[in-house]
Amino acid sequence: MVTKDSVFVDGQLVGSVADVVASPAPVFAPLKAALMAQNDKILSGERQADISKREVTIMGDKDLPYSLLKRIMLTCSDAEYGKVSFAVVEREKAAG
């Protein structure tokens, strides 16, 4: 999940959006490490060996800049996830 301020993997904070943006490398290392740990923890057998079967869903606010999402997607790919999907977190509407 990517909020306007933070990046999480399975509910665990892996860094701030500012850290991702400020990183000189195209891949955000703390996110890659967290994703690789998920590979080892959750995936088994064929899914562990076949990158095309590994899936990740990026949940984020619709107002996140594309440059940030691009770096997140690149990191997911570098962590050997073959399928990347998006889910937009909608804001609650004010009662009116």
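Located above this text is the structure these notes cover.
Residues numbered from 1 in each chain as written. Predicted model: local features only at pLDDT ≥ 70, side-chain atom pairs only at ≥ 80, totals over all residues. Heavy atoms only, no water.

*Asks:* Tell me about the overall build of the protein, and name the residues and values.
*Replies:* A tally of helices and strands in the protein yields four helices and four strands. Along the protein, from the amino end to the carboxyl end, the secondary structure elements read β-β-α-α-α-β-α-β. Counting all 96 residues of the protein, 33% fall into the buried class. Look at the contacts in the protein between residues 6 or more apart in sequence, and 65% of them connect residues 24 or more apart. Per element, the accessible surface of the protein, about 6,300 Å² overall, is 54% carbon and sulfur. (Helix = DSSP H or I, 4+ residues; strand = E, 2+ residues; numbered from the N terminus. Buried < 20%, exposed > 50% of the residue type's maximum accessible area, 1.4 Å probe, protein only. Contact = heavy atoms within 4.5 Å. Areas by Shrake-Rupley, 256 points an atom, 1.4 Å probe, with all protein chains shown as cover.)

*Asks:* Could you give an account of the environment of alanine 18, with specific residues and numbers?
*Replies:* For alanine 18, the position within the fold is in helix α1 (residues 17–22). Along the sequence, alanine 18 and aspartate 5 sit 13 residues apart, while their C-alpha atoms lie 7.2 Å from each other.

*Asks:* Can you break down the pattern of salt bridges residue by residue, with the values?
*Replies:* A complete count under the given rule lists one salt bridge for this structure. With its nearest N and O atoms 2.8 Å apart, the salt bridge here joins lysine 32 to aspartate 78. Here aspartate 78 lies in helix α4 (residues 66–78) and lysine 32 lies in helix α2 (residues 29–42), a separation of 46 residues in the sequence. (Salt bridge = Lys/Arg side-chain N within 4 Å of Asp/Glu carboxyl O.)

*Asks:* Let's hear about unusual backbone geometry: which residues, and what values?
*Replies:* Phi at aspartate 10 takes a positive value of approximately 50°, unusual for a residue other than glycine. Residue glutamate 80 is not a glycine yet carries a positive backbone phi of 70°. Mapped onto the elements of the fold, glutamate 80 is located in the loop between α4 and β4 (83–89).

*Asks:* Residue-level account of the environment of aspartate 61, with values.
*Replies:* Here aspartate 61 is to be found in strand β3 (residues 55–61). One polar contact links the side chain of aspartate 61 to the main-chain amide nitrogen of aspartate 63, over a distance of 2.7 Å. (Polar contact = N/O pair within 3.5 Å; in protein donor to acceptor, adjacent residues only side chain to side chain.)

*Asks:* Describe in detail α4, supporting the description with residues and values.
*Replies:* Across its 13 residues, α4 extends 18 Å between first and last C-alpha, which sits within 8% of the 18 Å expected from 1.5 Å per residue. Regarding α4, the residues found buried are Leu68, Leu69, Arg71, Ile72, Thr75 and Cys76. Around the axis of α4, the buried residues are gathered within 160° of arc, so they sit on the same side. Residues of α4 that are exposed and point over 90 degrees away from its buried face: Tyr66, Ser67 and Lys70. A positive phi of about 70° marks glutamate 80, the residue just after α4. (Expected span 1.5 Å × (residues − 1). Arc of directions from axis to C-beta.)

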